[in-house]
Amino acid sequence: MPDPSRIRANVVGDSTEVKVLMNHEMETGQRKDAQGKVIPAWFIQDVTATWNGKTVLSAQWGPAVAKNPFLSFKFKGGAKGDKVMITWVDNRGEKRTDEATIA
Amino acid sequence: MKTSRSGRAARLVAAASVVALAATAFGQSNTADEIAKYRAALQDGNPAELWEARGEGMWKEPRGPAKVSLEKCDLGMGPGVVKGAYTQLPRYFADADRVMDLETRLVWCMVKIQGYTEADAKKNPFGAGNDRKADMEALVAYVTSESRGIKMNVPQSHPKEREAYALGEKMFFFRGGTHDFACSTCHGEDGKRIRLQDLPNLTTKAGAQKAYTTWPAYRVSQGELRSFQWRLNDCFRQQRFPELVFGSDASIDLTTFLAVNANGAAFDAPAIKR
């Protein structure tokens, strides 16, 4: 099971600002190891954010995103105490879902 | 949506700084400002938090042959007290009859409380990617994060603590190795640098405080959280010194020298660095 993400969600005016730090190697598939063998690509492909069950962000990522990626976004609405859920799926099919409460 | 490709960003910032240098001739201080801006931009999403979270879990989880958590570990302020503990390390521990820094004390607890062998507790001090994650660096991240904002107050009351400081000071100025280097060769004057990185002058109070209170740190270029033991180890490598043994007296003495010099400044790590 992959390590958890860190999520912070705060109400800013009439929207909610969400900051997510994900735990992932994000191998590009372009690097070689000490033996000269290509290190296979391994990266997050899909990211979905939901607020009270409704999708507020959906993204397709590729190998150009950093290791341990940091994602920040805003959506209209959201109140203190609401739940925000972030799910990512990588190209190996591994998946991680984390939840945070809006503060 | 905003994503950061940190490694690439580092190169971009570096490239941008070079251009700025050529175009405006503001010189070194301008480059340093740009690097400071880059650090500030990254601070918000510092991946060190991931290590802190993993370390906190590890601290509380029953582990090792004895299946016990580290929550009874005495870091100097009583068993289980983590808050502020790092600001008073290295210090003398009567039970070990030795001055210990955080890493050596963690090894001590892993051996005495959790039943690890010393070799097992020390075998992977510095992580390398997903396949070789270092437990030590995660634990260091958690413990140090609990000292953020607290003033450095490393004790010098026990004779062995004063001895460690004196030896550390000697080592700092000791020239040796194939390049006839000492720590002070690079860290004894203002305005020295390696490539674009300004080096702190550790012989001044302000320099020592700024440097010591921002380690451990997440190194963007390595994608790893690095402890102070790692920092010293890598300085030794860059000086072409013999490898600094993890948890050795030499490493603790040098840490003591630098930590005591940083006394009075608020601790501000785990930080993020290039």
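Scroll up a little and you will see the structure.
Note that the coordinates shown come from a computational prediction; the quantities given were computed from them, not determined experimentally.

Quick notes on the rules
Residues numbered from 1 in each chain as written. Chains lettered and ligands numbered in written order. Predicted model: local features only at pLDDT ≥ 70, side-chain atom pairs only at ≥ 80, totals over all residues. Heavy atoms only, no water. Helix = DSSP H or I, 4+ residues; strand = E, 2+ residues; numbered from the N terminus. Buried < 20%, exposed > 50% of the residue type's maximum accessible area, 1.4 Å probe, protein only. Contact = heavy atoms within 4.5 Å. Pairing = 2+ DSSP bridges. Axes fitted to C-alpha atoms, helices over the stretch in contact; angles between N-to-C directions. Buried area = accessible area lost by both parts, 1.4 Å probe. Salt bridge = Lys/Arg side-chain N within 4 Å of Asp/Glu carboxyl O. Polar contact = N/O pair within 3.5 Å; in protein donor to acceptor, adjacent residues only side chain to side chain. Nonpolar A, V, L, I, M, F, W, Y, C, P; charged D, E, K, R; others polar. Parallel < 35°, antiparallel > 145°, perpendicular 65-115°, else oblique.

1. Here we look at the overall build of chain B
Working step 1: Tallying secondary structure elements over chain B gives eleven helices and eight strands in all.
Working step 2: Going through the 274 residues of chain B one by one, you find that 51% of them count as buried.
Working step 3: Contacts spanning at least 24 positions in sequence make up 67% of the contacts within chain B whose residues lie at least 6 apart.

2. Description of the sheet that holds strand β3 (residues 44-51) of chain A
Residue and element names in this part refer to chain A.
Working step 1: What the four strands build is an open sheet, ordered β4-β3-β6-β7; its pairing is antiparallel. Two strands bound the open sheet, and with one partner strand each, they are β4 (54-60) and β7 (95-101). Neighbour-to-neighbour, the strand axes of the sheet open up by a mean angle of 15 degrees, direction not taken into account.
Working step 2: The pairing of strand β6 (residues 83-90) with β7 spans seven bridges and is classified as antiparallel. From the neighbouring strand, T87 faces β7, where its bridge partner is T97.

3. Remarks on the environment of V260 of chain B
All names here are of chain B.
Working step 1: Relative to the helices and strands, V260 resides in helix α11 (residues 249-261).
Working step 2: Exposure remark for V260: the relative accessible area of 13% places this residue in the buried category.
Working step 3: Here the alpha-carbon distance between V260 and M152, two residues 108 residues apart in the chain, equals 8.0 Å.
Working step 4: Other than its neighbours up to four places away in sequence, V260 contacts V154, Q156, Y165 and K205.

4. Observations concerning the interface of chain A and chain B
Working step 1: The interface is formed by 24 residues belonging to chain A together with 23 residues belonging to chain B.
Working step 2: Between chain A and chain B, the buried area comes to about 1,900 Å², and carbon and sulfur atoms account for 51% of it.
Working step 3: Broken down residue by residue, the surface that chain A buries against chain B is led by R6, L21 and F70 of chain A, which jointly contribute 28%.
Working step 4: Here R6 of chain A and E49 of chain B are joined by a salt bridge, their closest N and O atoms 3.5 Å apart.
Working step 5: On inspection of chain A and its partner chain B, the count reaches three residue pairs in polar contact (both at pLDDT 80 or more).
Working step 6: Elements with a contribution of two residues or more to the side of chain A that touches chain B: β1 (6-12), β2 (15-21), β4 and β5 (70-76) of chain A.
Working step 7: No other element matches β5 of chain A, which puts four residues into the side of chain A that touches chain B.
Working step 8: Classifying every residue of the side of chain A that touches chain B by side-chain character gives 14 nonpolar, four polar and six charged.

5. A closer look at the packing of helix α10 (residues 228-238) of chain B against α11 of chain B
Residue and element names in this part refer to chain B.
Working step 1: Across the interface, α10 lies against α11 with an axial gap of 11 Å and an inter-helix angle of 105 degrees. Our classification of the angle between α10 and α11 gives roughly perpendicular. Between α10 and α11, the residues in contact are F228, Q229, L232 and F236 and S251, L254, T255 and L258, respectively.
Working step 2: Of the residues that constitute the contact of α10 with α11, the class distribution is five nonpolar, three polar and no charged.

6. A short note on the pattern of salt bridges
Residues and elements named next belong to chain B.
Working step 1: Counted by the stated rule, this structure contains 19 salt bridges over all chains.
Working step 2: Residues K60 and E56 are paired through a salt bridge, measuring 2.7 Å at the closest nitrogen-oxygen approach. With K60 and E56 both in helix α3 (residues 48-60) and four residues apart, the pair spans about one turn of that helix.
Working step 3: When its relative accessible area of 31% is taken as the criterion, E56 is described as partly exposed.

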